[in-house]
Amino acid sequence: MSTIRYNLQKYILPSLTGRSRWVGLLLLSLALLCSCNDWLDVQPRSQVEDSELFESESGFKEALAGVYSSMVSNGTYAKEATFGFIGVLGHEWDFYYASQYDDAAAFDYDAAYPTNYIRAIWANSYSGIANANNLLAHIDENPGLFSDDNHDVIKGEALALRAFLHFDLLRCFGVSFAVNPDQPSIPYSTALSYRVFPQLTVREAANAVLSDLQAAEALLKRADPIVTGRKISESIDNGYLLNRQLHLNYYAVKALEARLYMWKGDYAQALVAADEVISSDRFPWATVGNLQAGYDRCLATEHLFALNNLTLEADIANNFFDDGSQYSFAITRDRLLDYFDNATQDYRYTFLFKSGSATHANNRYLMKYDTPAGAGAYYSNKMPLIRIAEMVLIRAEVLYRQGNTDGARDAINQLRIARNLPAMNELPNDFELELIREYRRELLGEGQLFFLYKRLNRPTILYSDVDAVAEKVYTFPLPITETEAAQREPNK
C-alpha cells in the first residue's frame, strides 16, 4: 500500500465528514490508480502499515510519540490553543497581529481567520484522536510484545491523550456545563472508523472523558514510575520511561480529572483529585535562583504535563519580538502593572517579562517560553499544558465554595508566597474576581484563562465590552462540514 493511500485511509478520512469525506475518497481513488508507481510505495517509518508498526513494542512507542508530536502544531498547542487565538479570546494581550486577530478579539467567529483557527482545532484534535484510537485498537492483541510495565504505561497514556483532546474539544464546542449540560456538543470517537460518531450532549461527552481518564488512571497507578518509584536510567529500555512530565503521567491524569470535575461542578471530587497531586510533593515551585539565572522561565519543575516543542526557540522568536513588530504579542507596562496590582516584587512580573526597545519601550513581552543559552535540556523546549499552580487554585476555589474561607485563603497564600508576595490576612470581598486575576497572572499565555471565564459563565471578560453570555461567545460554531453534511444538532 502506498504512503499516500495509507495516510488517507488511516489518518485523514476518519476525521472527515460530508463534502470533505467525498474529496478524500476521490483522492484515495486517484492514489489507487497510481499505486503501480514504485516511488509511491516508499514508506517512512512513521507511516508504515499497521501490520508492521504494531508488530513490535518500538512500533507502539513510535505511534504514541506520533500522538504527542501531532499536538505540537501552530494550529493548536504550539500557538493558537495557548497564547494565540485562545489567548486573544481571553483578552490577555494589548498588542497582536491585528489583521489576523482583530476579528477574534471581537468574537466574530464567522470571519475568515477565526473560522480557520476553529477548523484547525477541530481537525487537528480529531486527527490526534484517530491516531490514539489506532494504537488502542491493537495494543491488547499481543501483550507478550511488551517489556516490564510498558504495555500498561503506553495504553494508559493513549487513553489519557484521547480524553485530553476530547475534553479540550468539549471546552471549545460545548456550552458551559453550568449553562446546559444537556445541550448537544461533540462526537466522542473511540475507534478508527469511517462511520460518523453520534453527537453527545455536554454531560455525555464529559462522562466519556471521565471514563477514559479513570481507565488510564488504573493502568498508570500500577505501572507509572512517577508513582511506583521505580528508578529509570538511560540504560533501562533506552530510558523510555524517563521525563515523565513530558507524558500524560499518572499525576497529570489526576490533574486533568480535577479540571474536568470543576467543569462539571463536582467540586468535592475536584478537590480530592487536586489534593492528591499537591500532596505528592513531586512538582516543587521554581526556585528564585533558577529564575534569576534565566534557566527556568517555563517553570519546568512545576509541570504536570508539557509538550516537547523542538522548534520552540524559533517559534517564540517569531511571536514575542521586543521591537514592536506587527506580529508581536505584547502588553503595555501600565496594563501589566494592573495585572500584578503594582507588586513588582512578584517573581512572575520580575523574571517572566522583558521590556521593548526604542519607541516600544513601554511594551512588555512574555519570556515564559524563552530558552536561554546554557539552560540545559530539562528546561528547554517545553510548553506546559497543566501545572501545579492550577491545582492549588482549584483547591482554593473549592474550599471557598464549601464555606472554608480560611482554607481558601491559605491555598491562595501558598501560591503567593511561592511568587514572593506577602500572605493575605483575609480574602478580597470579590473572591471570584481575585481568582480570575490570579489565573491571569499565573497562566498567562497558556490557554486557560478563556476557559475559566467560560466555566464560571462570566458575563464579561476583563478588558472586553462584549456581553459574553448574551452573545454566546464562549462556544465555537461547529465546522460547516459537521453542520451541513453530518446533520449535527445546534451546539449553542
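## Description of the overall build of the chain
Each helix and strand counted, the chain has 21 helices and seven strands in total. Relative to its 492 residues, the chain shows a buried fraction of 58%. Within the chain, contacts between residues separated by at least 24 positions form 68% of all contacts whose residues are at least 6 apart in sequence. When the accessible area of the chain is evaluated, it comes to approximately 19600 Å², of which 50% is carbon and sulfur surface.

## Overview of unusual backbone geometry
Unusually for a residue other than glycine, Phe107 sits at a positive phi of about 60 degrees. In this structure, Phe107 sits in the loop between helix 6 (98-105) and helix 7 (112-138). Here Phe107 falls in the buried class, since its relative accessible area comes to 8%. Within the chain, Asn420 stands out as a residue other than glycine whose phi angle is a positive 70 degrees. Position of Asn420 among the secondary structure elements: in the loop between helix 18 (405-418) and helix 19 (431-443).

## Some points on the sheet that holds strand 4 (residues 331-332)
The antiparallel open sheet is built from three strands, whose spatial order is 4-6-5. What marks the edges here is a single partner per strand, and that holds for strand 4 and strand 5 (353-355). Of the pairings in the sheet, the one linking strand 5 to strand 6 (residues 363-366) comprises three bridges and is antiparallel in character. Bridging across to strand 6, Ser355 finds its partner in Arg364.

## A closer look at the packing of aromatic side chains
Enumeration according to the criterion identifies 34 aromatic pairs in this entry. Taken together, a centroid distance of 5.9 Å and an interplanar angle of 80 degrees make the contact between Tyr251 and Phe283 edge-to-face. Pair noted here: Tyr251 is in helix 11 (residues 250-264) and Phe283 is in the loop between helix 12 (267-279) and helix 13 (288-293), with a separation of 32 residues, a long-range link. Using a relative accessible area of 6% as the deciding quantity, one classes Phe283 as buried.

## Quick word on the packing of helix 11 against helix 12
The interhelical angle for the contact between helix 11 and helix 12, taken along N-to-C directions, is 155 degrees, at an axis separation of 8 Å. Taken together, helix 11 and helix 12 sit at an angle that is classed as roughly antiparallel. Between helix 11 and helix 12 lies a crossing of left-handed hand. Residues Tyr250, Tyr251, Lys254, Ala255, Glu257, Ala258, Tyr261 and Met262 of helix 11 form the contact with helix 12, whose participating residues are Tyr267, Gln269, Ala270, Ala273, Ala274, Glu276 and Val277. In the contact of helix 11 with helix 12, the residues fall into 11 nonpolar, one polar and three charged.

## Quick word on the packing of helix 8 (residues 150-173) against helix 11
Taken N-terminus to C-terminus, the directions of helix 8 and helix 11 make an angle of 25 degrees; their axes are 11 Å apart at the nearest point. As far as their axial angle goes, helix 11 and helix 8 are roughly parallel. Note on packing geometry: the crossing formed by helix 8 with helix 11 is left-handed. Taken together, the residues of helix 11 that come into contact with helix 8 (itself represented by Ala160, Phe164, Phe167, Leu170 and Arg171) are Val253, Leu256, Arg259, Leu260 and Trp263. A per-class count over the contact of helix 8 with helix 11 returns eight nonpolar, no polar and two charged.

## Looking at the environment of Glu141
Positionally, Glu141 belongs in the loop between helix 7 and helix 8. Of the residues examined, Glu141 reaches a relative accessible area of 58% and is grouped as exposed. Separated by 87 residues in sequence, Glu141 and Phe54 place their C-alpha atoms 9.4 Å apart.

## Some thoughts on the confidence of the model for the chain
Here the chain averages 89 in pLDDT, while 89% of its residues score no lower than 70. Confidence over residues 1-48 falls short of pLDDT 50; this stretch has 71 contacts with residues more than four positions distant or in other chains.

## What to know about the nonpolar core
By size, the foremost hydrophobic cluster in this structure holds 146 residues, and its most contacted members are Phe85, Met391 and Phe476. With 14 residues, helix 8 is the largest single contributor of residues to this core. Beyond its immediate sequence surroundings of up to four residues, Phe476 is in contact with Phe85, Ile86, Leu89, Tyr109, Ile118, Ile121, Cys172, Phe173, Phe450 and Asn491.

## Things to note about helix 20 (residues 449-456)
With eight of its eight residues buried, helix 20 lies for the most part within the structure. Contact partners of the buried residues in helix 20: helix 5 (85-89), helix 8, helix 11, helix 17 (388-401) and helix 19.

## Details of a negative patch on the surface
Together, Asp102, Asp103, Asp108 and Asp110 give the surface a local cluster of negative charge. Structurally, the position occupied by Asp103 is in helix 6.

The rules behind the values
Residues numbered from 1 in each chain as written. Predicted model: local features only at pLDDT ≥ 70, side-chain atom pairs only at ≥ 80, totals over all residues. Heavy atoms only, no water. Helix = DSSP H or I, 4+ residues; strand = E, 2+ residues; numbered from the N terminus. Buried < 20%, exposed > 50% of the residue type's maximum accessible area, 1.4 Å probe, protein only. Contact = heavy atoms within 4.5 Å. Areas by Shrake-Rupley, 256 points an atom, 1.4 Å probe, with all protein chains shown as cover. Pairing = 2+ DSSP bridges. Phe/Tyr/Trp six-rings, centres within 6.5 Å; stacked < 30°, edge-to-face > 60°. Axes fitted to C-alpha atoms, helices over the stretch in contact; angles between N-to-C directions. Parallel < 35°, antiparallel > 145°, perpendicular 65-115°, else oblique. Left-handed = near helix turned anticlockwise from the far one by under 90°. Nonpolar A, V, L, I, M, F, W, Y, C, P; charged D, E, K, R; others polar. pLDDT = per-residue confidence, 0-100. Core = buried A, V, L, I, M, F, W, Y, C linked by side-chain atoms within 4.5 Å. Patch = residues over 30% accessible without salt bridge, like charges linked within 9 Å, V, L, I, M, F, W, Y side chains within 5 Å. Salt bridge = Lys/Arg side-chain N within 4 Å of Asp/Glu carboxyl O. Lys, Arg positive; Asp, Glu negative; His and termini not counted. Charge placed at Lys NZ, Arg CZ, Asp CG, Glu CD.

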